[in-house]
Amino acid sequence: MFLTVGKSIAVAALLMALRWQHSASWRFPLGLIICFGALLAVVQSYRKDKFRWGIAFLVIAVLFNPFAPIAVSGIVFLIIDLASVMIFVLSFAGLHKHALPEPPSY
C-alpha cells in the first residue's frame, strides 16, 4: 500500500513537472519526490523479482536526482518526463502479482 501511494505521488509530481519544467524553484522538490517514488518502485520490483522494472526505475531515479541534476533541453526533458509517466502508470499493472489459483480438491 505504501509503495503504491508513493508511486502515485511520483506520477502527480511528474505531471506537475510537465507544467513547471522551466521553473527553477520547483525543480528540487519535484525531483526529490520523483526520485523517492522511483526508489520505492525499485524496492517493489526487486521484491517481486521483476528486475527489468527495477532497472527502469533506477534510471528514472538517476535522471531526476535533485542533488546532481542533469541539464537537458526542454524537448528532451519533455520526452523523459512523458516516458517516466508511462513507466510509472504501466508499473501499476506490471508489478501487480496475481494470486495463484487454488488447486482442485478431489
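Residues numbered from 1 in each chain as written. Predicted model: local features only at pLDDT ≥ 70, side-chain atom pairs only at ≥ 80, totals over all residues. Heavy atoms only, no water.

## Digging into the overall build of the protein chain
- Each helix and strand in the protein chain was counted, giving four helices and zero strands.
- Across the protein chain, helices and strands are ordered from the amino to the carboxyl terminus as α-α-α-α.
- Residues classed as buried in the protein chain amount to 31% of the 106 residues present.
- Residue pairs in contact within the protein chain that sit at least 24 positions apart in sequence constitute 71% of those at least 6 positions apart. (Helix = DSSP H or I, 4+ residues; strand = E, 2+ residues; numbered from the N terminus. Buried < 20%, exposed > 50% of the residue type's maximum accessible area, 1.4 Å probe, protein only. Contact = heavy atoms within 4.5 Å.)

## Some remarks on helix 4 (residues 74-94)
- Along its 21 residues, helix 4 runs 29 Å from first to last C-alpha, staying within 8% of the 30 Å computed at 1.5 Å per residue.
- Of all the residues in helix 4, the buried ones are Phe-77, Ile-80, Asp-81, Ser-84, Val-85, Phe-88 and Ser-91. Projected down its long axis, helix 4 carries its buried residues within an arc of 135 degrees, all on one side. The exposed residues of helix 4 that point more than 90 degrees off its buried face are Ile-75, Ile-79, Met-86, Leu-90 and Ala-93. (Expected span 1.5 Å × (residues − 1). Arc of directions from axis to C-beta.)

## Quick look at the packing of aromatic side chains
- Overall, the coordinates contain five aromatic pairs when judged by the stated rule.
- Taking 5.2 Å as the distance between ring centres and 50 degrees as the angle between the ring planes, the aromatic pair formed by Tyr-46 and Phe-51 counts as tilted.
- On the basis of an interplanar angle of 70 degrees and a centroid distance of 6.1 Å, the ring pair of Phe-64 and Phe-77 is categorised as edge-to-face. In this pair, Phe-64 is assigned in the loop between helix 3 (51-63) and helix 4 and Phe-77 in helix 4, connecting sequence segments 13 residues apart.
- Of the aromatic side chains, those joined through ring pairs into one cluster are Trp-53, Phe-57 and Phe-88. (Phe/Tyr/Trp six-rings, centres within 6.5 Å; stacked < 30°, edge-to-face > 60°.)

## A closer look at the side chain of Ser-91
- Within the secondary structure layout, Ser-91 lies in helix 4.
- A residue is classified by how much of its surface remains accessible, and Ser-91, at 1% relative accessible area, is buried.
- Within the structure, the side chain of Ser-91 is placed 2.6 Å from the backbone oxygen of Phe-88, a separation counted as a polar contact. (Polar contact = N/O pair within 3.5 Å; in protein donor to acceptor, adjacent residues only side chain to side chain.)

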